[in-house]
Every structure is written in C-alpha cells, then in structure tokens.
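If you want the building blocks of each chain, they are given just below.
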Amino acid sequence: MAERTRQALAQGKSVVDMTLGEPDFPTPEHISEAAVRAIAEGKTRYTPINGSVQLREAIVAKFKRDNGISTTISEISVGCGGKQVIYQAFLATLNQGDEVLIPTPYWASYSDIVGMNGGKLVPIQTSPEEGYALQPGALEEAITNRTKWLVLNSPSNPSGTAYTRDQLQTFVDVIRRNRNQKFFVLVDDIYEHILFDGIQFTTLAQLAPDLLDRILTVNGVSKAYSMTGWRVGYACGPRPLIEAMTKIQMQVNSHTSSISQAAAAAALDGPQDEVRRRCAIFQNRRDLLLQRFASISGMRTPKPEGAFYLFPDIRELIGRKTAAGQVIENDMEFASYLLDEGVSVVPGSGFGMPGFMRLSYATSDEQLHLAADRIKTAVEKLT
Ligand SMILES: Cc1ncc(COP(=O)(O)O)c(C=O)c1O
C-alpha cells in the first residue's frame, strides 16, 4: 500500500497517507547535536559488536530508571533497529518447525522473520470486543512442547492495545504453570513511551524475576525519539542468548553506526520532556479520530491505549458495493477502494486479521480531519 500510495502521489493525486509506521516529528535537536559532536570527537571507528560501552551503560540506566530492571552491559545487545535484534534472537534459537506464539493482530515483520528462520507462527486470536487483548486461557491452550517463543508487544502495533500490570500478571501465571515447556518470551516494548490516559507502563521482566533466564526485553529509540532512520534498537536478556545473538551480528554488519550509537545514548540519558509532549499530541490525535469515526456506521474502532494506530473492524463493510458496481470482497479491496477515494491505509490481513485495517495517525490534525471526511464519504457511498 505504501508503494501504491507513492505512485498515486507521484501522479499528482491527493492522498492522505495513513500507512506510516513512524512519528512525523523530527529527531530532537540535542540528540542530533550529540551525533555531530561524536563526529567532531572522532567517534568514527568500530565499536564493540554488542554496542559501545557508553550506549550500553545508558541502556542499563534506562532499564533501571524506567522499568526497574537490573541488568549489566554484558546482558545487552544493540542492533541496527529493534528489527535486527528480533531477527537475531529468532535466528539464534529457532529450529525447523519450532512454534512461535503471537497474538493477533501482530506486527507483520514477526511473521516473516519467524518464517525465514524455519519457525512456525502460531497465531492466538483476539477480538475487538476484548480490545484485541490476549486472553490467558487462549495463551494456555496454545502452549505445546514445540513452543519456542511467545511474543508480547505492548502497546501493540497495529492495535495500540497495552497491557496493565494485572493483565501481564495473568500471563506470568500461565507461563509459571507451564514452566517445564521451556520457551522464551520476546517482550517488544518499542512503543513504551507512547502510552495514554495516564496508564503506568509495565513490562513482563519486572513482574517475574524468576523467569529472567527466558525473557528478552526489546526496545529502541525509533518511536520514542523519532529516530527511525538512525537504526538503533536494543535488548536485555539472558547472557547465553545475548552472546549467541552477538555472534550472529558479528558476521552480519558488526554493529550499527558509531554516530547513531552516540545519538541513542544522548536520547536515553538526556531530557525526556519532549517524549512526554509528543505522547500528549498522539493522544489528542487518537481522540480526534475516534470522535470523527464514531459517526461512521459499519466501522467499529476500539479505543487504543498507546502507539499511533487505530485498528477498525470493517467486516460489516465487506460484501457491499461501490458506486461503480464493484463488490468489496475483502480488506485488501476495501483498502484499494479507500486509496481511490484519497486515503491510504494498510489492510488487516498483513497483521493476521482479515476484515480489519490499520490507520496510522502520525500526521497533522488537518490531514486527520481530511482523512475522516473522505472515509465517511467513501463508506456512505457503499450500498
Ligand atoms: C512492534 C514493532 N517492533 C519493532 C519495530 C522495529 O523498529 P526499529 O527496527 O526501527 O527499531 C517496529 C517498527 O515498526 C514495530 O512496530
């Protein structure tokens, strides 16, 4: 859809692009300045494979400050984005046919990465009625002796669902009850700082010190600090796993750029008020869109607690006919129709949930109003 959007824009069409997976804000100035300083100071050489000591110390301090997790610089992995860290974790551990449990809807890359490394994705269904939240009973049922990983992502891309401490506790209880199935848990906290309504962020490792030898807590600077292009992600976890991931990275790209690492250290160590200010902007945008969507019948949009996406249920619209007489057969065709009507979204199928769609609100209020107008008109034209 991103490609088709680019083509439509290149042809001069007016399209509101709601496919974006990155904040629309610039990297804060003090972070960019740290990068410029790093160049001037000659920090332009190889760093250790698992990240510069300066950055890993900043990460250790971040985990302590924000999450109450005590870790050391030898239990940290730094990669070229959270994506590389996740890729290496699966490459280091998955054998052919190993099962990876992932609640739907899920970030599309998990499924591709699992597949590329011989794993078998086991989706655990969730529903919009339950705010797309994983239910502990469904988790328990999905665990088998082939389970190698469980993936938890909160706040979630694409649903924005965030787990409370109590919800996470129910998952911990299930994992403890099944402790002889020795699977890892990948906890993807990349949207940690985009969390609304005063909800307190909690991560699994805080609740289960007895399971630390199985939890990989992944995070990164892309979303919180608008640093998607700098390519820095990191994780803390059990040392043997971190060492295996580091060995892989050594032969892939050694490490991410030394300049980006200096910038990421400045992001983690520096003032955090801009992060909070931007989070408040995202919350206002969420509220704006939810309010606008409330009057569109046939589209149900659960209220997300974080990230910068909405994930409306559009199953009621499937089977309806456009003004041109075309029947909308599925979410892909609906997304295609919306693009013709001037709004670009991602079909839910890509996230393991056909009949839904993802809209990113990482854009201006003006664009959001325009998108809401166009979506409402497009839906009302269907018969
Ligand atoms: C859920 C989730 N995890 C991880 C990432 C990886 O981000 P990056 O590789 O930029 O750190 C993304 C990016 O879209 C994401 O949405």
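Residues numbered from 1 in each chain as written. Predicted model: local features only at pLDDT ≥ 70, side-chain atom pairs only at ≥ 80, totals over all residues. Heavy atoms only, no water.

Here the focus is the sheet that holds strand E11 (residues 346–347). Spatially, three strands are ordered E9-E12-E11 in an open sheet, and the strand pairing comes out antiparallel. Strands with a single pairing partner mark the edges of an open sheet, and in this sheet they are strand E9 (309–310) and E11. Note: E9 against strand E12 (residues 357–360), two bridges, orientation antiparallel. For Tyr-309, the partnering residue across the bridge sits in E12 and is Ser-360. (Pairing = 2+ DSSP bridges. Helix = DSSP H or I, 4+ residues; strand = E, 2+ residues; numbered from the N terminus.)

With that out of the way, let us pick up the sheet that holds strand E3 (residues 99–103). Strand order in the open sheet formed by seven strands is E2-E8-E7-E6-E5-E3-E4, and the pairing between neighbours is mixed. Looking at strand neighbours, the two that pair on one side only are strand E2 (76–79) and strand E4 (120–124), the edges of this open sheet. When strand polarity is set aside, the average angle formed by the axes of neighbouring strands in this sheet is 20 degrees. Looking at chain direction, E3 and E4 are connected through five bridges and run parallel. Paired with Val-100 across the strands is Leu-121, a residue of E4. Lying on the sheet, helix H5 (residues 108–116) is in contact with E3, E4, strand E5 (147–153) and strand E6 (184–188); it crosses E4 at an angle near 150 degrees. (Axes fitted to C-alpha atoms, helices over the stretch in contact; angles between N-to-C directions. Contact = heavy atoms within 4.5 Å.)

So, about unusual backbone geometry. The omega angle of the peptide bond from Thr-104 to Pro-105 is -15 degrees, so this bond is cis rather than trans. Within the element layout of this structure, Pro-105 appears in the loop between E3 and H5. Look at the link from Asn-157 to Pro-158: it is a cis peptide, with omega at 25 degrees. By the element assignment, Pro-158 lies in the loop between E5 and helix H7 (165–177). One non-glycine residue, Ser-226, adopts positive backbone phi at about 50 degrees. Note on placement: Ser-226 falls in the loop between strand E7 (215–220) and strand E8 (233–236).

Considering all chains together, one arrives at five cavities of 30 Å³ or more under this definition. Here the largest cavity is characterised by a volume of approximately 120 Å³. Elements that contribute at least two residues to the lining of the largest cavity include exactly E3 and E5. Looking at the lining of the largest cavity element by element, the count peaks at three residues for E5. The class makeup of the residues in the lining of the largest cavity is ten nonpolar, six polar and no charged. Quantified by volume, the second largest cavity comes out at close to 70 Å³. Breaking the lining of the second largest cavity down by element, the ones donating at least two residues are E5 and E6. Partitioning the lining of the second largest cavity into residue classes produces six nonpolar, four polar and two charged. (1 Å grid on protein atoms, 1.4 Å probe; cavity = no way out; pocket = protein on both sides within 12 Å on 5 of 7 lines; lining within 4 Å. Points joined across faces, edges and corners; volume = space filled by probe spheres on them. Nonpolar A, V, L, I, M, F, W, Y, C, P; charged D, E, K, R; others polar.)

Moving on, we come to the packing of helix H3 (residues 53–67) against helix H10 (residues 258–269). Contact pair H3 / H10: the axes reach a minimum separation of 9 Å and the direction vectors enclose 25 degrees. It follows from the interaxial angle that H3 and H10 lie roughly parallel. Our pair here, H3 against H10, has a crossing hand that is left-handed. For the pair H3 and H10, contact is made by Gln-54, Leu-55, Ala-58, Ile-59, Lys-62 and Arg-65 and by Gln-261, Ala-262, Ala-264, Ala-265, Leu-268 and Asp-269, respectively. Within the contact of H3 with H10, the residues separate by chemical class into seven nonpolar, two polar and three charged. (Parallel < 35°, antiparallel > 145°, perpendicular 65-115°, else oblique. Left-handed = near helix turned anticlockwise from the far one by under 90°.)

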